[in-house]
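One-letter residues, chain by chain:
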Amino acid sequence: MTRARVRPGAAGQLRDVLRRVTLAAAEGGAATLREKLSGPGSGTYHPGQPNQSSAPGEYPAEQSGAVRDSVMAVPIGDTRSAFGSVDGPAHVIPLHFKPPDAGGRPFMDDAKHDRDIHAGMRDAVRQEVQRAPQRPDRQ
């Protein structure tokens, strides 16, 4: 029977790596989502708004930038991270939960299935892994 030997401090090192990698993934997803929340949509133009609104099925169009600016990554516990609208403007809750035909834009639901956001997360993880120092016995 083979026995694995665990180096002293290995659990802490693994926790540190997971913290860095999961936060990098969340930051990559948040950055891509902020890009998608920038600029006008292709829906109706409402007088008094700086940009054309979004059409149903699109991410919310940028009007004040408050929704876009509220999107960030946050660590959750020791080894997990998340991203989304953190302390966003008051209108972000109805914006997300109203039906699309009533003006709602469930952008976090859309983000979960968005291939561009997944790619942004993967790229950020890849960069973080490349940036991480290698153990001397692995070089």
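Our structure is the block above this text.
A. Molecular detail of the overall build of the protein chain. Helices and strands together make up the secondary structure of the protein chain, namely five helices and two strands. Mapped in sequence order, the helices and strands of the protein chain form the string α-α-β-β-α-α-α. Its C-alpha atoms give the protein chain a radius of gyration of 20 Å, clearly above 14 Å, the size a compact globule of 139 residues would have. Expressed along its principal axes, the backbone C-alpha trace of the protein chain runs to roughly 70 × 25 × 25 Å. Relative to its full complement of 139 residues, the protein chain shows a buried share of 30%.

B. Quick peek at the environment of Asp-87. In this fold, Asp-87 is placed in the loop between strand 2 (80-85) and helix 3 (92-97). Residues Asp-87 and Ser-70, spaced 17 residues apart in sequence, show a C-alpha to C-alpha distance of 6.4 Å.

C. Local environment of the pairing of strand 2. Sheet topology places strand 1 (residues 71-76) next to strand 2; six bridges connect them, and they run antiparallel. By the bridge assignment for strand 2, Met-72 is matched with Gly-84. Once strand 1 ends, the chain turns through three residues before running back antiparallel as strand 2, passing Gly-77 with a positive phi of about 70°.

D. Fine view of the environment of Asp-69. Looking at where Asp-69 falls in the secondary structure, it is placed in helix 2 (residues 66-70). Taking C-alpha positions, Asp-69 is 21 Å from Gly-57, a pair spaced twelve residues apart along the chain.

E. Local environment of the side chain of Ser-53. Residue position: Ser-53 is located in the loop between helix 1 (10-36) and helix 2. Here Ser-53 falls in the buried class, since its relative accessible area comes to 16%. What Ser-53 contacts, discounting residues up to four positions off in sequence, is Gly-41, Ser-42, Gly-43, Thr-44, His-46, Ala-61 and Gln-63.

F. Quick peek at the nonpolar core. Counting eleven residues, the largest nonpolar core is built from Ala-30, Leu-33, Leu-37, Tyr-59, Val-67, Val-71, Val-92, Leu-95, Phe-107, Ala-111 and Ile-117. Residue assignment for this core shows that the elements contributing at least two residues are helix 1, helix 3 and helix 4 (107-112). Not counting chain neighbours up to four residues away, the residues in contact with Leu-33 comprise Tyr-59, Val-71, Phe-83, Phe-107, Met-108, Ala-111 and Ile-117.

The rules we used
Residues numbered from 1 in each chain as written. Predicted model: local features only at pLDDT ≥ 70, side-chain atom pairs only at ≥ 80, totals over all residues. Heavy atoms only, no water. Helix = DSSP H or I, 4+ residues; strand = E, 2+ residues; numbered from the N terminus. Rg over C-alpha atoms; globule rule 2.2 N^0.38 Å. Buried < 20%, exposed > 50% of the residue type's maximum accessible area, 1.4 Å probe, protein only. Pairing = 2+ DSSP bridges. Contact = heavy atoms within 4.5 Å. Core = buried A, V, L, I, M, F, W, Y, C linked by side-chain atoms within 4.5 Å.

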